[in-house]
Structure formats: C-alpha cells, structure tokens
Amino acid sequence: MKLMPCPVNGLRPVSEFFYWGEVRPMPDPDRCDDAAWADYVFNRNGAPGIKKEWWYHTPSGTWFIAERDTIRDEVLRTWLHASPEAEQQ
Amino acid sequence: MSRLPPVSGEWIQRDRTLAFTFEGRRYAGFPGDTITSALLASGIDVLGRSFKYHRPRSVLSFANHDANIIVQRGTTPNVRADITPLTDGMALTPVNVHGSLARDKGRLLDHLSRFLPVGFYYKAFHTKQLFPKWESLIRFIGGLGIIDIKAERLTTAKRYDFCDVLVVGAGASGLSAALAAAEAGASVVVVDENAQAGGSAAYGLAGQPAGDAWQSLRARAAAHASIQIRTATTAAGYYADHWIPLVDDERITKLRARAVIISTGAYEQPAVFRNNDLPGVMLGSAARRLIHRYAVKPFNRVVVLAANEDGYRAALDFLAHGIEVAALVDLRATALPTENTRKLAACGIPIHTGHCIHEANGLDRVSSIVAVPFDDGYTDPGRAIHIDCDGVAMSVGWAPAAALLYQAGAGMRFDEAVGQFVPDHLPSGIFAAGRVNGIHGIDRKMADGAHAGLAAAMHLGLVPRRNLPAVPPETTCHSHPWPVFAHPQGKNFVDFDEDLQLKDFENAVQEGFDNIELMKRYTTAGMGPSQGKHSSMNAVRILARLRGEPIDAIGTTTSRPFFHPVPLSHLAGRGFVAERETPLHGRHVAAGAVLMPAGNWQRPEYYAIRGRTREQAICGEALAVRKGAGLIDVGTLGKIEISGPDAGAFLERIYTGRFANMRPGTTRYGVMLDEAAVIVDDGVVARLDEGRYYFTTTTSGSATVYRELGRLNTLWRMNCGIVNVTGHKAALNLAGPNSRKLLQSLTHSDLSEAAFPYLAAREFEVAGIAARVLRIGFVGELGYEIHVPADQGAVLWDALMTIGKSFGLRPFGVEAQRLLRLEKGHIIVSQDTDGLTTPDEAAVSWAVKMDKPFFVGQRSLAIIRKQPRRQQLAGFELEGPGAEGVRECHLIITDGIIAGRVTSVAWSPTLNKYIGLAMLATSLTAQGTPFWIRASGGRMVAARVVPTPFYDAGGLRQKPVQAMAEAA
C-alpha cells in the first residue's frame, strides 16, 4: 500500500486518504462561453505526467495539494492550499 | 529410499518418532522431517501423479515448489509435502489420483497424450455442442485437492509490523546484509521460507573450509539484538512503498519496511530430456537438501548431469555419504580444471564431457540412462553409453528467484557471462544481493550481502554516504545455455506442473504463439502451482532458440503477487466494514425493530409486531402518524454547523437557494448541486442566530458533503468555520396531529402556532434537555425535529414514549417514513434522483434562485435550461391488475421504447391505492397521461399521471393557521 505524506500528519497509508482530482482552476462563469464551461465541467486530462491534485486526509479532515508523477507513481511533494510554501511556487 | 547415519547439521531429531499414515498405510518419521522426507525415508518411490498424464512423480526440487507432491490432509487441500513439517498422527492422501497412487486409473492418459495437444483447451472448446462433455471429463480428470464445504470456518486475524530493513532470504548473502544493516543501526527483519536459516550454504559447503565463516555469520546474526529472523515465512509479494505480506502457517503479517533487501537466491533448473520426470531424477540441490537436512539417502547409485561446478560438488558430496556415483555426464566440451573436478577424477569416477542424457528409462523409478555426445543442441544417438542407476542428479543451471524484484519494478537484463537474468536497475530503497544479483560463491555472496546491507543503511541515512565498491560481476557461467535435448519419442518435460514437453513449445511457436506472454497462456507453461519456477527459464531459452533471438529480446513473463500460494483463509480473515449505530440503537432493538443498512448506519426498517406481517406493521405505523403521533429516529442525518461572518454567503454558494436573508429562528429547504447541475444532496438549513447556521444532509451524503464543503472553504477562503456534529447529536422526528400537545406536555416553551410557527427553529428544554427544535414536516403532518446531545437521546426517547402512551404515539421506521413522504410527493435524493437528475427534472425548481451571483452548478443549469427538457419526475397511480408487482426501477415502456423508470412506489393505506413517482419522458408528463410499466416477469401494468402531493395538497395539516389565513 502506498504512503502519502500529509502536510499536517506526516506519512500515512493511502487508505486514510481520499483523492478528489486534479487541481483545475474554474473559468469565470460570467465570461466564458458554454463550450469552455462544458469543457471545464466534463473533460479531464488523463495523460500521465506530473499532476497537481486535491487530496484529503479523512481522519483529520485535512485538504491539501499533492504533486504526483503518475508515470513513476511517485508523490513529489504535498502542501496546504494557499500556504506560504505554495505562494513561493 | 532409506535414512543415512546421522549427518552433521541435520534438521531431524532422532530421539523419538512420529507416526503418520499415507493412503491409509502407517509410516514413521522424525520430528523435523517434512512429509516428503519422511515418505522417502520410508522407501516410497512414487509420491504423486502428474496433473495431466498422471505419470508417476517424486521429488524434483524439494524447495517448496514440488507441484507434483501435493497431498490432502483431512479438510485441508493442496498441502505442499516438500515443505510441510511432519506432525504426529497426520493422515495424508495423495491428490489427483483415481484409485491409489500405484494403480491410478488416470495413468492410461499417458498413452493418450498425442490426443491432448498443446492449446488443448483452445482447440477443444471451439465446438459449443461438445462443451458439456469436455467439462465433465475435465472435471473428473483435472483438479488437485478436494474442498470440504463443511469444513470449519477459519477466521484469521492479520498482523501489522514495521522495520527499517526487511531482508528476504536468510542465506549467506541475506544474513550478511542483515548484519551489516543492523550494525549500522537499522532494525532488521529477516524472513526465510525454510524451517531454518542458512540457505544453500549449509549443504553447499558441507565439509569444506569456508563453512567456519558461514557458521560464525549464522551465529552472529541470530544473536544480534536488532535482527529478528523469521523462518517458515514467505514474503509473498511486493506492494508499493515497501509493503510486504509475510505469510506463515498461522497468518499474514503486513510489514512496512523502509528498505528491502532481496537475497532470495536462485532456483536450480532441470535439464530437458526424455523421461526426466521419472522418480529418482531430481535436481542436485534437492538431493543434497535431502541428505544434509533430513539424512535421507535419495538414491544408491546416481548419474550426475552437470554443466557447472555445483554438479561436481554434488558428486563429491554423494560419495562422502556412501552413494555410488556411476558417472558424471558434463554438457560442456571441457570441464574447468578446478579442485573439485580433479578430486572427482581422482576418485576414479567416469566423467563424460560433451555428453548429455538422451533418455532415462524405468517404470516407477529410473533404472538406467543413455548418455550420448552433445554439441550445442545436436546429439549423436549412434554413440550411446548405457549406464544403470537408480537416480539422476541434475546441476545444469540456475534462474534467479527474482519475482519480488520484478514486482518492485526492477529492470532485469540477461547477463551472458553468468548465464542468468540479473538486476539492471533497482527502484529506490530496493537492494539485491547474492545469487539473485548474479553473485555466486560463498565468499562473494557474503561480500555482496554486506554491500547491500550497508547500501540500505546509507539509503536510510543511518551512516554517511560514501562510495561502496560493488562486488565484481561473475566471470564464470553457472548455467548452460541449452540444457534441452530433443528426442523423437518426446516425454522430455519442460513444465512438470502442466506436463508440457519440448514439442508443445515448438508447436505453439508454429501456431503463431511466439511471444513469451502468448506462449505462456497458450501452452499454460508456468501457470501450474509452482508458477514457472522450474520451467520459465527453459521456456524462454526454447523460444529464444526457435525465434533465433537473444534471450534479452525474449524477456520474461510479468511477475505478479502472490509469489507463492496463500491460503484463502489467510486472505479472507476478518472484515473491517464499519457499521454505525445511533444513540437510540438499544431502544430500537428493545422495541422489536427490524434493522436495515442505510449507508453505513443500521436503521429500523419497521418495528415488528407479533402476529402481524411486515406490510401490516408498516401500514400501522403510517396510520399512527396520520391519525395520532409517530416518532422516528433521524439521528443518521448529517448535521453540520457553520458559523462566522461569511456563513450565510457560503451557504448561498453551495446551495441553490437564498440563505443570507433568513431571519434567525427560521428554517429553509436547501438543494445542493454538483458542477454539472446534478442534485447531490438536500436538507434543511436553520439559522440559529446572526452568525450561526445549523443544517442537515441526507443520511448517505453526510460524510461526502462535509468533506466537499471543507474543500470549497479551503479553496474559497471565506470567513466561516464548518463543524460536523453528526455524531454529537441525536435527532428525533415527532409527527402527527397529536404531536404539539404531546411535546407541550414536556416543555414550558410556548408551542402555539403564533409562538412557534411552521418552518421555525427554536432552542429550548424538552424533558429538561437542552434541545434544538425545528418545526418541519417531511412526512406531511404537524411535526417537530428535536436535536439533543447524543448522550441525552435515549432520555428524550423514553420521555416521549412514556408520555406518548396517552397520545397514541408509535415509533415508526424507514419504510413507513418513505411511504408517508411519498404521499406528500417529497423526493428522496438518490432514490428519486440519479447521477444525471437536475432540479428542474426533480420538480424542485422552486428552490433554485438563479439571480444569485454564484452557486455550484448555476452556470451548467443555465446552459441546460436553454435546451429542451428530456425527462421529468411525476406522480402516478396504478390502475388495474398487477399493481402489487410494481417495484422501484421497473421500466416505463412506450411503443416498445424505454420512456422512464419508477423511482418510488407503495400502497398507501391512507389513500387506499397504489401511488408512485416516476422519472418520465417529458412527452408523458401531462396530467392524466396513461402509460405502461413493465413489472417483473414482463407483465405490463397500467398507470396514469396524477398531480402531487397525493395527500393533503394544500399542506393544511403541517401549517393549519397559515393555510387558513391564506384561504381567507
């Protein structure tokens, strides 16, 4: 079983986590056209590579961002959303 | 055969004997014996029958992979005799035998083998009509042990463990690695499938000088405080991030390591010659394990077939234990001039270099062999040498036990110099040592182990990083490139599990299955119980030669867990399915509740009454609510508090309705959408005071809703806090015309219509308990949802039930509630809606406020509203016969096409008819439209669209005063 580093609780078994999906900025609903909105709602990028994703540590209720290399099945790093560490990126 | 005089280091204890039976006959062995060693010591030649042709078989590898010596022990099938310790009183029977081992009726199949060609299943099953015949025949012939379905049910708990370094294999390299890592400060676990640690060095070196270094290594490893050695334990697979199931006789231990050293050694590989499966023909290492561990004399007069130093070492070992060596047949044109070859020659043993074994002969045991000149696959049967013997020991090559390395993602390449696959690159935290790493020879294996142990310690940061010189690669080839000898009459077995001969591989390639993965599946090579441990390497060599390509171009088949069979009882173990009970669970059980699962909750479906049917009980509960009063536990609803300056604004973004303008002390219905505008949840939002809201979610949605709200708040960074109080609170819904009077008798607060109107929320004491009371009516009667601290739930229940006696109060369950809300036309999210239902389709558009700046799903709903509506939830009544057979999910069929589905349906005792909700194609939704529902068995039942609510359309029962005021 894989391990996932929670930014608050440290390295924990992945069964304690919930995977939400890739971080995808929402287009401005007032400005984008219907096609762009539908693309945002329904289409996902399944191509393997380095992904930024929402993950949730269920027992502690911690949402965070994980950067994963889905080709090598490796967690590169994790951080709390909008944390100072993320600001530096 | 027979037992030798005591052998130094033997594993058996001769001070007492163990009695056991095999095929009903009595035998004896010693403590420390395995089943196989005890049977061999008792002089039994045939220990099993082969899977397909039922040929007599005995020991081949004696290394936990003797797939032809599998026995049944009582209700336990498929016991591996070569590794299973003998115990007193064991009653054993062979498997895959019709009659007795000696007179197995299946042995006739051997003569029919030409009718069982390669790819038999693929070819046989082409004719559909013949399938039942084949099936019964195969069921009769095939299969190993027998499952006793009446056997005792085993529940095996799993164990969890951790260490710094896991070493798999306790041979010379593994123990050296463990010691090096432990001395660097690591906590080390060493596992080995054998009953004792030590590996092949125990017999490989017997009587030779390096034995002292090995003895000292074994003692130091055993004595080291940071090293745990677990014998008779298999590392059954490799899972991500060093997560290894360790399987022993009792259980699975899931061990998490920080680094793993694979020192699993190598499997000796058989040579492929005619009748190489006769009892008495075995691997050199098998014969030596029998001698050194169990003091069993495997044969009296042996021919050694060698292609490496191990064969000469084996021959000398046999001589030292009083076994006559009739000859040594060496596949190589010339043997390397080593000490062992000189010694053997000095003993006067005939050595036939450049020869192979053309065939072995004998009935139930080998009695002679024919050796012929051999040069790169070409034999010369014209110059045959006949040698009488009762045993053949094969030492022609090795294949690394690399399954765990493959599973961990190591890249392997074929090293021509050493003649085996070796690791090319290893994943982070994985290390290889010893023969699996292509390093042979005791001193070199110990050095390689120490290197791996230190490298693992460095990886863990226990010692400073420095350059570690690797053990130089082998220059001697220990494996012959082509230990395969064609014979016109065949029966030269490549796979002993599946009875596959050389010609089967040739035919498979001819038929186009010339890729290693395809060949495996077509021939079934490596698919038997030993999973190719003795056949895959030869299969790869054969395919490489047939295709004229190097072995590296052929590759190997994919290695997957488990490495070795694991008992299903170990895997099944105990379940860990969480089940939740509300604080009132005990009260429900005492009241005769029949429980049903709702999400992971247990909820009362209804309360059983002696002498009444389920339907009668449910109708009775529903009528009690309509006529008197009912009480239902709604503590399974999700209960969430949100507070802060932005709480109202946050709710407006997640729900479709408007909440910021609510007055404190009021409630409002809320619908939650996903980004595609599909309904995902609903509930009631109460504004407790200026900055504090309390809302409920559906029972099944509570965890996901709370989770997603947390994410959205993380993303939006609004000034509010969200607390999940689902488990903190008990909740009861008191409903019915008598509910106000009943509740009033338990509180001093004014419950009058003016003081506590419909849809209001109040906080006051009920029966002395601080309660949050919402005046809402899911079931369509005057009603109160009372939320109290979880530990007060039972107190409140008791108070209500006691006082309720004089108000006709009955507890009601989920089924009655479903019926009552259906009468009111209220939807249940995820029953009346599915993964595509929009609020317009579910007829809750009234709860959607599109003029808000934003809510989740708003933009999508705007797009959807520009398109024609496909479907609509509508109420219906059933007419005519067959109505009682209609259930949820039955289809509405119009002109032979699916035009909808029933989402809710029930008999209404109040209305005296069958009513329901259906998701209908919009063409059918006009009031009064007739349609047909296809019930179970294809019966068509007539239905008609009617308006909802079915019951009390004006809502007079929930809010009498307002309704009357409106009417006026």
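Refer to the structure presented above.
Fair warning: this is a prediction, and the values are worked out from it, not measured in the lab. (Residues numbered from 1 in each chain as written. Chains lettered and ligands numbered in written order. Predicted model: local features only at pLDDT ≥ 70, side-chain atom pairs only at ≥ 80, totals over all residues.)

**Regarding the overall build of chain B**
Each helix and strand in chain B was counted, giving 25 helices and 50 strands. Across its three principal directions, the C-alpha atoms of chain B cover 125 × 70 × 60 Å. Across chain B, contacts joining residues at least 24 apart in sequence account for 66% of those joining residues at least 6 apart. (Helix = DSSP H or I, 4+ residues; strand = E, 2+ residues; numbered from the N terminus. Contact = placed C-beta atoms within 7 Å.)

**What about the packing of helix α18 (residues 614–627) of chain B against helix α23 (residues 814–823) of chain B?**
Residue and element names in this part refer to chain B. Relative orientation of the contacting elements α18 and α23 amounts to 55°, with a least axis distance of 9 Å. With respect to each other, α18 and α23 are oriented oblique. Crossing angle aside, the handedness with which α18 passes α23 is right-handed. Where α18 abuts α23, its residues Ile-618, Glu-621, Ala-622 and Val-625 lie against Glu-815, Ala-816, Leu-819 and Leu-820. Here the contact of α18 with α23 is built from residues that sort into 6 nonpolar, no polar and 2 charged. (Axes fitted to C-alpha atoms, helices over the stretch in contact; angles between N-to-C directions. Parallel < 35°, antiparallel > 145°, perpendicular 65-115°, else oblique. Left-handed = near helix turned anticlockwise from the far one by under 90°. Nonpolar A, V, L, I, M, F, W, Y, C, P; charged D, E, K, R; others polar.)

**Brief notes about the pairing of strand β11 (residues 227–230) of chain B**
Regular strands place their side chains on alternate faces of the sheet. Residues and elements named next belong to chain B. Burial along β11 is one-sided: the residues Ile-227 and Ile-229 are buried and none of Gln-228 and Arg-230 is. Where strand β10 (residues 188–191) lies against β11, 4 bridges are found, and the strand directions are parallel. Paired with Val-190 across the bridge in β11 is Ile-229. (Buried ≥ 20, exposed ≤ 12 C-beta atoms within 10 Å, placed from the backbone. Pairing = 2+ DSSP bridges.)

**Some points on the sheet that holds strand β45 (residues 871–879) of chain B**
Residues and elements named next belong to chain B. With respect to topology, 6 strands assemble into a closed barrel ordered β45-β48-β47-β46-β49-β50, the strand pairing being antiparallel. Looking at each pair of strands side by side, their axes are set apart by 45° on average, direction ignored. Looking at chain direction, strand β46 (residues 891–894) and strand β47 (residues 897–908) are connected through 4 bridges and run antiparallel. Bridging across to β47, Ile-892 finds its partner in Gly-900. Relative to the sheet, α23 contacts β47 and β48 (913–921), its axis offset from that of β47 by approximately 110°.

**Topic: the nonpolar core**
Residue and element names in this part refer to chain B. With 176 residues, the main nonpolar core has Val-165, Ala-178, Val-188, Val-302 and Val-392 as its most contacted residues. In terms of residue count, the dominant contributor to this core is helix α11 (residues 442–459) (9 residues). Membership of the second largest hydrophobic core comes to 94 residues, among which are Leu-673, Leu-732, Leu-917 and Met-919. (Core = buried A, V, L, I, M, F, W, Y, C linked by C-beta atoms within 7 Å.)

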